[in-house]
Each structure stands twice: as structure tokens, then as C-alpha cells.
Amino acid sequence: MSTDVTPEAPGAEGRPLASRRGTTPGRFGNRLFAGLSTASGILILVTLAAVAIFLVREALPAITASPAAYADFTRDLNLGQYIGPLVFGTVLAALIALVIAVPLSIGIALFIAHYAPKRLSGPVAYVVDLLAAIPSVVYGLWGFFWLVPKIGPIMDWISQKLGFIPIFADYAPPAKNVTSAAIVLAVMILPIITAVSREVFLQTPRLHIEASLALGATRWEVARQAILPFGRSGVISASMLGLGRALGETMAVLMILAPFARGTEVYSIKILASAEHQTIAANIAQQIREAHGMGVSVLIASGLALFAITLVVNMAARWIVARRAAFSGAN
Amino acid sequence: MTAVTDRPVPAPDVAPNFTTSPSGRRRKRTNAIMATLVTLAFLIALVPLISLLTEVVIRGGSMLTWQFISTDMTGVFGDSPDGGVRHAILGTLQITGLATLISAPIGLFAAVYLVEYGHGRLAKTLTFFVDVMTGIPSIVAGLFAVALFAILIGPAYRSGVMGAIALSVLMIPVVVRSCEEMLKLVPNELREASYALGVPKYLTIIKVVLRTSLAGIVTSIVLAIARVIGETAPLLLTVGIVTSMNTSMLDGRVATLPVFAYSQYSQDALGVGADRAWGAALVLILIIMILNLVARFISSRFSIAEK
């Protein structure tokens, strides 16, 4: 097991040590084990760096070339014009998903941490975690065959009644629009936001809750005065983790959303309209089979943009979590 | 809203009277409304879960025959209802197996480093970036494998190893995180007792720390496998789909269950392709369920007493 991880580690240190073996018992083993462990840790950092380096290297041809070199693939758009609408679609879909998922998750987390009877809260948390175990391709199937036909009439109704507001204008069946995709994304990020929020809510100091109760607070007032203020930063970072997931999710969007035609540059806020949005991840999965040479490079450049966006979002989320852990008295 | 903090504190032996004072009635109403909303949030979350599982069981269950599991897609054309997922099941096991062989040792050793060795800046950096790495989009992991092998071998190269590498990028941080938690559960007294007997550190780690947390580690790895076995996007980019079995991991495309489900769906979403996609989805969910049950069994049967 150890040899296929880092074969160079024992070779580098083993030889000079072998002659001195016996002076301290287990010295060679100690060095070997420490070396293997450290090497694995470093290897992980190297892998992460390699992801960035190889993506940059493969994206460079598209970034440096003149737009004419890949005009075939992008239908005469330059790189910014090609990636811009994709970034817009990615962020839009993730934000809609967040708007749906965050209130629901806070509700569920409160239900588990504060409302449900003790013996119910375990199973309830388990049921929500089950949502995280389902593969994305199955969510895609569910979205296409179950959600889209059911949500269509509702969207149609909203579009007719509220169509004067530009966001809801121009619904066209079937409901393969960015909102349907975002609903599926919301279901997919629900477990992670719920799990993190639940953990923070459960850490609320007992004394805060009891103090609130002693003042005669109702159950909801306890939640509002003691639990929610204590968990605010936790909920924010949980939402950002969820945002990171939603930004990078491929299959649900690929299988549900009808994208705009290649070579068009659309920034549309009509979230119920069809064929006006596309996300980076779904676009890569859809186009890579017919892409070659410069086309692949363009797609990898768009992937690099996605990588950068999710990296920033995740680092911010982790930073908030770390800051909170350092200052809270919970542990 | 209810501004309870501005009100004078009621005398200790008088319960707030909800029924008579107007503000009491309002507070009671708000409380009831919020309790309903919070419960409703949970019930709403049940809707996708229940509808998804019923759809998979009903639509996939009708496909689940021995013939579906034991044949591949060789020579299946048009609307023929023949064909099955044998090659995809084997491909999924091959690629996930190889990804596990890569990820489990690296992840476990990194966890050992974090718990037993690392105290300085490297450990802090590693913890932070492992967390960041859990957030890498799966499609980016796939693109990384494509970019890596395009440079190493050539742009047209496709093989199972590429898929395994892509999955490893997603799997390693999961293994590190959960193994780290398991190693932290081992009480320090055990380590100190071992050192007091003059046992070297590496033997203490192998014979005391790892042995004590073995069940937890195996559980973590099994759960990590369950996490990545359903990944679709990275495999779509790297191993694609074929109609028959490919036992070579170094040469040519390999069929896998998630990509099989997607490709059947995308070829023929309204006919027999949809049925096969649901069938493959059910098989995939069954595999994930078995993995989760195995993990639960191991952790309940063999875990250390402190848990």
C-alpha cells in the first residue's frame, strides 16, 4: 500500500539511515512514516496547484490567440463574448437556487435543532442527508420527467399574471428554463446548507436559550433572539458553500435547461423564458464532444473561469467559518 | 417585530397572558405561524425526495430484469428493447476501484500527517486547501484530467485511468476530512501509554492509532466511494461511453452507469432510452444504498467504545 503512493520517499532517506539503524529503535520506521505522511500532504497541495496550472496551460492558446483562430467554434464571438453569457447564466442559476434553498434550509435546520421532538430530530436529519446521496444524473432525470411537466402550468400562470414584471415575462412551454434547472439545483444544495446551519444552531449556548425562555419568550422568540443571531455567520458560510456547489453543478442543468444557440450573446433576466441561458459547466459537457484543437482550449478557458469563481466563493466561505470558530466560545 | 425586550419583565410567578392582552395574542399568533412555516419547510423538502425515489423505483423497477443486468449494448439498435448495463456496472466498479486505490492511501496518510505530525504552517495550509478542494466543481476535475493527459499523451487519448484520476481529485479531500475526524477520536491516553512502553512513534500510529480507528477509517472510505460513484460530469469528459465491456484501463473508452444513464436519456428521452436511463439510475442507487449499509454495519459493529 505504501509503495504505490510515494515510491521516492524511502529511497531518498532510506540509504544513509540504514547504516545508523540500531542506535535508536524505530528510527528508520519513524522517518519513513513521517516522510510518507508529509509527502501525501504535500502531494495534495501539488495536485490542487496542478489543477490550476494544467487548466491555465491548456487555456492559454485560446486566451492568447486572435479570435479568428477559434471563430469556427464560437461562431465569430471573441473569448469574452463567448464566456460572458455563460458566466452570467451560471451565476443567475446559482443565485435563483440560493434564493429558494436558503430559507427552506434555515427552516429545516430550525425544525431539527429547535422544533422537532428529540427522538424525531435524528431521523429527520437523516432524511435530509439522504438527498445528498442521490447522484446528479438521477436528479437530472427526475427534473426532466417529473418536475418540468408539473412546474410548467405554474410558471405559465405566473408569467400571465406577473408578466408585466420583466423577470417573469415570456414563458414558453416546455418549462426547460433556467428556473426549473435552479429548482433542481436548490434541492441538491439543500442538504449541505441544512447540515451546516443545523450544526451551528445546535451549538447555541444553552444559557442564551434559557435566558430567553426565562424572559417569557415563545418558541419562535427564542429562535429569533437566541438561535438565529448566534448562527448568522454559520448560515452565511453555509449558503456560500451551497453557492459553490450550485455554480459547478453540471448534469442537472445539462439535462433540464434548453440553452441558447451557439454563437449568440444573450444576457437575459427573463428567468422563465426558454433558450436564453446556459451555464459554464453544462456548456462544457455539451460541447466537448464536437470540439477539437482550439475549441477544447476555449472550453478549458471557460472551465478556468468557473474554477476561479468557485475557488473565490469557497475560500470566502471557509474563511468565514474559520473566523467564527476562532472567536466563538462554542468550543 | 414583537419587541419583547422593550416590555417590562413580568413578575416571576405570572405566566405571560397570551389570551387577554392584544400583544400577547399577536405573539401567540406569530409563534403559531412560524411553527407551521418551519414544519412546512421540512415537508417541502420531503416532496422531491419521495417523488424522486418513487419515480426511480417504479420506472426503474420495471426495467430491472436479469437480462438487463447481464447483457451489454452490443448490436442493440433503434427501438429494440434489448440490451443492458453489464458493461456499465463493470466499468463503474473498475474506475471507482482504481480511484479508491489512488485516493485511500494518499487521503489516509495525509490525515495521519494532519493528526499525528502536522502542527506548523504546512498543516494549516493543508487543512485550508483540503476544504477548498472539496468545493472543486466535478466538471473542473474532469477538465483537469483531460488537460493533464492531453499534455502527457495526446489530445485524443481516452481511457479509464483518466476517469479514475478525475474522480481521485474529488475523492481525496473527502477521505482526508473524514479519516481526520476518525483519528481524532482516538484518545491521547492510548498514544501516551504506548510511548511510555518505549514503542516508536510509527509503530504507535500503526498498532494503536490506526488499529483503534480501523472501523471508522473503513467506514469513511466506503462513504467516500458512495460519494463519487455517482459522479457523471467528469466521466462524461474523460471515459465517455461504449457499447461493450472494456477491461483495459489504459486504452479506450469505458462505459459507466451514470454516463450510460445520461447517454441513453440524451439519445432517446421519450422512448426506450428513457427506460434504460431509469433502469441504470435504479442500479446506481442500489449500489450506493448497499455501500451506505455496509458503512453503517461496519461502524456499528466494529467501532471503538468511545463513540
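The name an unreviewed UniProt entry gives chain B is Phosphate transport system permease protein PstA, with Serinibacter arcticus as the organism. Taken directly from UniProt, the Function (unreviewed entry) text for chain B runs: "Part of the binding-protein-dependent transport system for phosphate; probably responsible for the translocation of the substrate across the membrane." Check the Sequence similarities (unreviewed entry) section of the UniProt entry for chain B; it says "Belongs to the binding-protein-dependent transport system permease family. CysTW subfamily."

Taking an unreviewed UniProt entry as the reference, chain A is identified by name as Phosphate transport system permease protein belonging to Serinibacter arcticus. On record in UniProt, under Sequence similarities (unreviewed entry), the comment for chain A is "Belongs to the binding-protein-dependent transport system permease family. CysTW subfamily."

A tally of regular secondary structure across chain B gives 12 helices and 0 strands. In sequence order, the secondary structure elements of chain B are arranged as α-α-α-α-α-α-α-α-α-α-α-α. Relative to its length of 307 residues, chain B is extended, with a C-alpha radius of gyration of 26 Å against a globular reference of 19 Å. Across its three principal axes, chain B shows a C-alpha extent of roughly 85 × 65 × 40 Å. Counting over 307 residues, chain B shows a buried share of 46%.

Broken down by element type, chain A carries 12 helices and 0 strands. The helix and strand sequence of chain A, counted from the amino end, reads α-α-α-α-α-α-α-α-α-α-α-α. Since a compact globule built from 331 residues should have a radius of gyration of about 20 Å, the 25 Å found for chain A marks it as more spread out than a globular shape. Along the first, second and third principal axes, the C-alpha atoms of chain A reach 85 × 70 × 30 Å. Looking at chain A as a whole, 49% of its 331 residues qualify as buried.

How big an interface is tends to be stated in terms of the accessible area lost upon association of its parts. On the side of chain A, 76 residues touch chain B, which itself brings 79 residues to the contact. Partitioning the side of chain B that touches chain A into residue classes produces 62 nonpolar, 12 polar and 5 charged.

A separate point is the packing of helix α4 (residues 121-134) of chain B against helix α6 (residues 160-184) of chain B. All names here are of chain B. Between α4 and α6, whose axes approach to 8 Å, the crossing angle comes to 130°. When the axes of α4 and α6 are compared, the pair comes out oblique. Read as a crossing pair, α4 and α6 show a hand that is left-handed. For the pair formed by α4 and α6, the contact residues are Val130, Met133 and Thr134 on the first element and Pro173, Val174, Val176 and Arg177 on the second. Grouping the constituent residues of the contact of α4 with α6 by class yields 5 nonpolar, 1 polar and 1 charged.

A few words now on the domain arrangement of chain A. Residue and element names in this part refer to chain A. When the domains of chain A are assigned, the result is domain 1 (8-64) and domain 2 (72-327). Each of domain 1 and domain 2 has a C-alpha centre, and the two are 37 Å apart. Taken together, the contact between domain 1 and domain 2 spans 7 residues of the former and 9 residues of the latter. Class assignment of the residues belonging to the side of domain 1 that touches domain 2 gives a composition of 6 nonpolar, no polar and 1 charged.

In terms of nonpolar packing, the biggest core is built from 198 residues, with Ala97(A), Leu185(A), Phe144(B) and Ala281(B) touching the most fellow members. Of all the elements, helix α4 (residues 79-115) of chain A adds the most residues to this core, at 19 residues. Not counting chain neighbours up to four residues away, the residues in contact with Ala97(A) comprise Ala182(A), Leu185(A), Ala186(A), Ile189(A) and Ala246(A).

Moving on, we get to the domain arrangement of chain B. All names here are of chain B. Examined at the domain level, chain B breaks down into domain 1 (4-61) and domain 2 (70-302). Tallying the contact residues gives 5 residues for domain 1 and 5 residues for domain 2. Grouping the amino acids of the side of domain 1 that touches domain 2 by side-chain chemistry returns 2 nonpolar, 2 polar and 1 charged.

On the UniProt side, "transmembrane region" (unreviewed entry) is annotated at positions that read residues 32-53, 88-114, 126-153, 159-176, 208-229 and 277-298 of chain B here. For the annotated span residues 88-114 of chain B, helix accounts for 100% and strand for 0% of the residues, and the straight-line distance between the end C-alpha atoms is 37 Å.

Residues and elements named next belong to chain B. The interhelical angle for the contact between helix α3 (residues 86-117) and α6, taken along N-to-C directions, is 35°, at an axis separation of 6 Å. The interaxial crossing formed by α3 with α6 has right-handed handedness. Partitioning the contact of α3 with α6 into residue classes produces 21 nonpolar, 7 polar and 2 charged.

Moving on: unusual backbone geometry. All names here are of chain A. Of note in the backbone geometry, Arg75 takes a positive phi value of approximately 50° without being a glycine. You will see that Asp76, though not glycine, has its phi angle at about 70°, which is positive. On the basis of neighbour count, Asp76 is assigned to the partly exposed category, with 13 C-beta atoms found within 10 Å.

What follows covers the confidence of the model for chain B. Summing up the model confidence of chain B, the mean pLDDT is 86 and the portion of residues at 70 or higher is 92%. Scoring of the predicted complex yields 0.86 for pTM and 0.86 for ipTM.

Before going further, it helps to spend a moment on the confidence of the model for chain A. Of all residues in chain A, 90% attain a pLDDT of 70 or more, and the chain-wide mean is 84. Counted against residues more than four places away or in other chains, residues 1-21 of chain A, with its pLDDT under 50, gives 23 contacts.

It is worth spelling out the UniProt feature "transmembrane region" (unreviewed entry) in chain A at this point. All names here are of chain A. Residues given the UniProt feature "transmembrane region" (unreviewed entry) here are residues 32-56, 86-112, 124-147, 178-196 and 296-321. Taken as a whole, residues 178-196 contains 100% helix and 0% strand, while its terminal C-alpha atoms sit 27 Å from one another. Secondary structure content for residues 296-321 is 100% helix and 0% strand, and the end C-alpha separation is 37 Å.

Residue and element names in this part refer to chain B. Topologically, Val294 is positioned in helix α12 (residues 272-302). Since 16 C-beta atoms lie within 10 Å of it, Val294 is described here as partly exposed. Between the C-alpha atom of Val294 and that of Ala145, which follows or precedes it by 149 residues, the distance is 30 Å.

All names here are of chain B. Here α6 is 25 residues long and its end C-alpha atoms lie 35 Å apart, about the 36 Å a rise of 1.5 Å per residue gives. Remark: the principal bend of α6, roughly 35°, maps to Val169, with a proline, Pro173, within the next four residues. Of all the 25 residues making up α6, 23 are buried; the element is thus mostly covered by neighbouring parts of the structure.

Among the secondary structure elements, Tyr202(B) is positioned in helix α8 (residues 201-212). Owing to 21 C-beta atoms within 10 Å, Tyr202(B) belongs among the buried residues under this scheme. Remark: the alpha-carbon pair of Tyr202(B) and Ser248(B), spanning 46 residues in sequence, is separated by 37 Å. Sequence-distant contacts of Tyr202(B), that is, excluding residues within four places in its chain, are made with Gly26(A), Gly29(A), Asn30(A), Leu32(A) and Phe33(A).

Definitions and limits used
- Residues numbered from 1 in each chain as written.
- Chains lettered and ligands numbered in written order.
- Predicted model: local features only at pLDDT ≥ 70, side-chain atom pairs only at ≥ 80, totals over all residues.
- UniProt positions renumbered as here; feature names shortened; annotations may be inferred.
- Helix = DSSP H or I, 4+ residues; strand = E, 2+ residues; numbered from the N terminus.
- Rg over C-alpha atoms; globule rule 2.2 N^0.38 Å.
- Buried ≥ 20, exposed ≤ 12 C-beta atoms within 10 Å, placed from the backbone.
- Contact = placed C-beta atoms within 7 Å.
- Nonpolar A, V, L, I, M, F, W, Y, C, P; charged D, E, K, R; others polar.
- Axes fitted to C-alpha atoms, helices over the stretch in contact; angles between N-to-C directions.
- Parallel < 35°, antiparallel > 145°, perpendicular 65-115°, else oblique.
- Left-handed = near helix turned anticlockwise from the far one by under 90°.
- Domains from an automatic or database assignment.
- Core = buried A, V, L, I, M, F, W, Y, C linked by C-beta atoms within 7 Å.
- pLDDT = per-residue confidence, 0-100.
- Expected span 1.5 Å × (residues − 1).
- Bend = angle between axes of the 7 residues up to and from the residue.

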